[in-house]
Amino acid sequence: MKIIIVGGGTSGLLSALALEKEGHDVVVLEKDEIGGLCRSEKINGYTMDIGVHAITMLNNGPLIRLLNKYARFIPNFKEYGDYYVRENNELYKIPVSMQEWMTTPLIPHKDKILITTKIMDLMTTGFTKDTSVYDVVSEMGLSDVSIKFFDTICYFLSGEDMKNTPLWRLFTGAGYIPEDDILPFIYNDLKINPMKSILVRKFSPEKIKKILSDGFLTTIKNSSKKYLNKFVNRSRYWTQGYPVGGVQSICDCILYSLNNTTIKNEEVISIEEEKNGYVVGTKEDNYYADVVIYSAPSRYLPDIAKIDEIQKLKDKLRNIKFTKSLTIWIGHDENPFSYLGSEVWINPPCWATCVTNYDKFLAPKGKHLMGFSFVNMKKEHALSAIENKLGIDVDKVDMIHVQKAIPEQASCCIGQFFVYPKIKDNFYVVGTDADPRSMGITRAAYSVEVMLSEFKCVFKNRN
Ligand SMILES: Cc1cc2nc3c(=O)[nH]c(=O)nc-3n(C[C@H](O)[C@H](O)[C@H](O)COP(=O)(O)OP(=O)(O)OC[C@H]3O[C@@H](n4cnc5c(N)ncnc54)[C@H](O)[C@@H]3O)c2cc1C
């Protein structure tokens, strides 16, 4: 079958890899740089990713499952290390388990008790899908440092502050609630029949029926023992890594594993139905496809694809909310990150790491490369935060590089619309706006798994 993939980021390339290996004739149309956000820029001997990255779920997550199944090359991941908070020039491990919450010096003793009892309370009494982190945190009488801590963590889990971050995102991000458990609620809104989808593989039909009729609140309550167990016994971030060579090496492993896929540097401007397929138009040419896989932002899909199923979703798609990130890369003689892992700052929210701690070849000999990612922040404020927090004089460093990007095609905010990957039998959507689970590259890979599963159901039955 002739398949056209719109966009050549992580989700487009993973789709191309899998569909090529399944025997299809694949063309990728990418308007800009192949790799999308999963790319590294080389400037003055430094190799800088588009944003600070940690790759999650490397034990058995969707990225590794897809690469193991279809790729000839797998990136070499270095263990990521721990996450810290930097406050008043001290580093504190980010508390996750009950024991860590009870012993962290980051917050006052009173808050430790309030937070641990509240987490247990929420898991046993349940909460609604639209309960925000703020709804809970603002009523607890916590100190300022604890409130700001939750706000900061929310920015990095959802791309939004705590007023707009759903509580379920905090609980799935911390690992208390398995990410799959959230799926029936997200897709129920779309009126997709879960009996026919990939969800069947994860839940028995009886269980899905029960979850949907019980509702979010009761389901959380019913699973409270399982979730509480994860809170009490949670081990640390053993499944995260950083790819040697930068995130570009993930994209390169996929590209080197492709044999017959054609990649063209063209922007798709229209997709129109024709007979049993589509005519995909770029400024340069028109291409016929039996199946289209769209991996660019779905927010723009109604402008490109004049297809009934997409036009019906027009308002929802156009309302998908993005978040803007600002990343500053600094090359310097000194390295203030004397540990493996990364740190977050509370005021202003920032996520920082030194990537040469994982791979010294990302910088010229004797230099260190540090990345600082901020959400919705101006460059001047970001630079002065770096100076204040680390005592680095930014006028005297070896290199500064600034990147602005949209980390995910849909922020994980309250009321966000996530597209289900199957739009119709021969039109699919993949990318970070086509799955609510996890973040970034893992989220993109999840959407590809769902797309493949749906795609195979359709075409297996036809053949
Ligand atoms: C600051 C920052 C920090 C991040 N941190 C992490 C992290 O720690 N862990 C993690 O896993 N991920 C992280 N990410 C995000 C991760 O890299 C991306 O979410 C992921 O790579 C997205 O892949 P994608 O295929 O969904 O989208 P994209 O990479 O955006 O790919 C979409 C592609 O479609 C192309 N396109 C758009 N319109 C058209 C058109 N009309 N025609 C043709 N092509 C088109 C675009 O040019 C682009 O290449 C981070 C990103 C940023 C910016």
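So, how was this worked out
- All residue numbers refer to position in the chain's written sequence, counted from 1.
- Reporting of local features is limited, given that this is a predicted model, to residues whose pLDDT is at least 70; pairs of side-chain atoms are given and counted only at 80 or more, and all residues count toward the totals for whole chains, interfaces and linings.
- Only hydrogens and water are set aside when side-chain values are computed; all heavy atoms of the structure are taken into account.
- Take the buried Ala, Val, Leu, Ile, Met, Phe, Trp, Tyr and Cys residues and link them wherever side-chain atoms come within 4.5 Å; each set so joined is a nonpolar core.
- Each residue gets one of three labels from its accessible area relative to the maximum for its type: buried under 20%, exposed over 50%, partly exposed in between, using a 1.4 Å probe on protein chains only.
- Under the DSSP-based scheme used, a helix requires at least four consecutive residues in state H or I and a strand at least two consecutive residues in state E, with every element numbered from the N terminus.
- By the convention used here, residues are in contact when the closest approach between their heavy atoms is within 4.5 Å.
- A pair of strands is treated as paired once DSSP finds two or more bridges between them.
- Working convention: axes come from line fits to C-alpha atoms, limited for helices to the stretch in contact. Angles between N-to-C directions cover 0 to 180 degrees.
- Summary of the distance rule: residues count as near a molecule or strand when at least one heavy atom falls within 4 Å of that molecule or strand.
- Two N or O atoms form a polar contact when they lie within 3.5 Å of each other; inside protein one atom must be a possible hydrogen donor and the other a possible acceptor, and for residues adjacent in sequence the pair counts only when both atoms belong to side chains.
- Only the protein chains shown count as cover for residues, and all accessible areas are computed by the Shrake-Rupley method using a 1.4 Å probe.
- Note that Gly is not counted as nonpolar here; it falls among the polar residues with everything else outside the nonpolar set of Ala, Val, Leu, Ile, Met, Phe, Trp, Tyr, Cys and Pro and the charged set of Asp, Glu, Lys and Arg.
- Segmentation into domains, and thus their bounds, comes from an automatic or database assignment.
- Between the rings of Phe, Tyr and Trp (Trp by its six-membered ring), a pair exists once the centres lie within 6.5 Å; its type follows the angle of the planes, with under 30 degrees stacked, over 60 edge-to-face, and the other angles tilted.
- Angles below 35 degrees are treated as roughly parallel, those above 145 as roughly antiparallel, those between 65 and 115 as roughly perpendicular, and all remaining angles as oblique.
- The hand of a helix crossing depends on one turn: near helix anticlockwise from the far one by less than a right angle means left-handed, and clockwise means right-handed.
- Put simply, buried area is how much 1.4 Å-probe accessible surface two parts lose in total, over both of them, once they are put together.
- Within this document, salt bridges are pairs made up of a side-chain nitrogen of Lys or Arg and a carboxyl oxygen of Asp or Glu, the two lying within 4 Å of each other.

1. Some details on the nonpolar core
Part 1 of the argument: Counting residues in hydrophobic clusters, the biggest one holds 91 residues, and the most contacted among them are Phe171, Ile271 and Phe427.
Part 2 of the argument: With 6 residues, the top contributor of residues to this core is helix α6 (residues 144–158).
Part 3 of the argument: Beyond its immediate stretch of four places on either side in the chain, Phe427 contacts Ile271, Tyr278, Val292, Tyr294, Leu301, Ala305, Ile307, Ile310, Pro421 and Lys422.
Part 4 of the argument: Counting residues in hydrophobic clusters, the runner-up holds 37 residues, among them Leu63, Leu258, Met451 and Val458.

2. Remarks on the sheet that holds strand β15 (residues 341–345)
Part 1 of the argument: What the 7 strands build is an open sheet, ordered β7-β6-β15-β16-β17-β14-β18; its pairing is mixed. Looking at strand neighbours, the two that pair on one side only are β7 (90–93) and β18 (399–405), the edges of this open sheet. Between one strand axis and the next, the sheet turns by 25° as a mean value, whatever way the strands run.
Part 2 of the argument: One ladder, built from 5 bridges, connects strand β16 (residues 350–354) with strand β17 (residues 368–375); its direction is antiparallel. Counterpart to Cys354 in the pairing with β17 is Met370.
Part 3 of the argument: Against the sheet, helix α17 (residues 379–390) engages β6 (82–87), β14 (325–332), β15, β17 and β18, with an angle of about 45° to β14.

3. Considering the site of the ligand
Part 1 of the argument: Taken together, the neighbourhood of the ligand is formed by 40 residues, with Ser11, Glu30, Val52, Pro407 and Ile441 sitting nearest.
Part 2 of the argument: A distance of 2.8 Å separates a nitrogen atom of the ligand from a polar backbone atom of Val52.
Part 3 of the argument: Val268 has a polar backbone atom sitting 3.0 Å from a nitrogen atom of the ligand.
Part 4 of the argument: When the ligand is considered free in solution it has 1000 Å² of accessible area, and contact with the protein chains removes 91% of it.
Part 5 of the argument: Of all the elements, helix α18 (residues 440–462) adds the most residues to the shell around the ligand, at 3 residues.
Part 6 of the argument: For the shell around the ligand, the per-class residue count stands at 17 nonpolar, 16 polar and 7 charged.
Part 7 of the argument: The two domains that each donate at least three residues to the shell around the ligand are domain 1 (2–41 + 57–73 + 243–320 + 415–462) and domain 3 (325–405).

4. Overview of the packing of aromatic side chains
Each pair of aromatic rings is reported with the distance of its centres and the angle of its planes.
Part 1 of the argument: All told, the structure shown has 19 aromatic pairs when counted by the stated rule.
Part 2 of the argument: Each ring, one from Phe127 and one from Phe171, has its centre 5.5 Å from the other, and the planes form 80°; the classification is edge-to-face. Taken together, the residues Phe127 in the loop between α4 (109–125) and α5 (133–137) and Phe171 in helix α7 (residues 167–173) connect sequence positions 44 residues apart. Each member of the pair Phe127 and Phe171 is classed as buried.

5. Side note on the packing of α4 against helix α12 (residues 224–233)
Part 1 of the argument: It is at 8 Å that the axes of α4 and α12 come closest, and there the two elements cross at 155°. Accordingly, the angle class assigned to the pair α4 and α12 is roughly antiparallel. Considering the relative orientation of α4 and α12, their crossing is right-handed. Each of Thr116, Ile119, Met120, Met123 and Thr124 in α4 lies in contact with α12, whose residues at this interface are Ser224, Tyr227, Leu228 and Phe231.

6. Quick look at the pairing of β17
Part 1 of the argument: Most of β17 sits inside the fold, with 7 of its 8 residues counted as buried.
Part 2 of the argument: Relative to β17, β14 runs antiparallel, the two being bridged by 8 bridges. Pairing of Thr327 across the sheet is with Ser373, part of β17.

7. Some thoughts on the sheet that holds strand β10 (residues 268–274)
Part 1 of the argument: The 3 strands lie next to each other as β10-β11-β12, forming an open sheet whose pairing is antiparallel. Two strands bound the open sheet, and with one partner strand each, they are β10 and β12 (286–289). Going across the sheet, the axis of each strand differs from the next one's by a mean of 20°, ignoring polarity.

8. So, the pairing of strand β13 (residues 291–294)
Part 1 of the argument: Of the two faces of β13, the one lined by Val291 and Ile293 and the one lined by Val292 and Tyr294 are each fully buried.
Part 2 of the argument: Sheet topology note: the strand β1 (residues 2–6)/β13 ladder contains 4 bridges and is parallel. Its bridge partner lying in β13, Ile3 is registered against Val291.
Part 3 of the argument: Two elements, β13 and strand β20 (residues 427–429), share 3 bridges in a ladder whose sense is parallel. Paired with Tyr294 across the bridge in β20 is Val429.

9. So, the domain arrangement of the chain
Part 1 of the argument: The assigned domain composition of the chain is domain 1 (2–41 + 57–73 + 243–320 + 415–462), domain 2 (95–231) and domain 3 (325–405).
Part 2 of the argument: When each unit is reduced to the centre of its C-alpha atoms, the spacing between domain 1 and domain 2 is 29 Å.
Part 3 of the argument: On the side of domain 2, 18 residues touch domain 1, which itself brings 18 residues to the contact.
Part 4 of the argument: Roughly 1400 Å² is buried in total at the junction of domain 1 and domain 2, and carbon and sulfur atoms are behind 61% of that figure.
Part 5 of the argument: On the domain 1 side of the contact with domain 2, Tyr420, Pro436 and Arg437 bury the most area, a combined 42% of that side's loss.
Part 6 of the argument: The partner of Arg437 in a salt bridge is Asp180, and the shortest N-O contact between them spans 2.9 Å.
Part 7 of the argument: Linking domain 1 with domain 2 are 3 residue pairs in polar contact (both at pLDDT 80 or more).
Part 8 of the argument: Residue composition of the side of domain 1 that touches domain 2, by class: 11 nonpolar, 3 polar and 4 charged.

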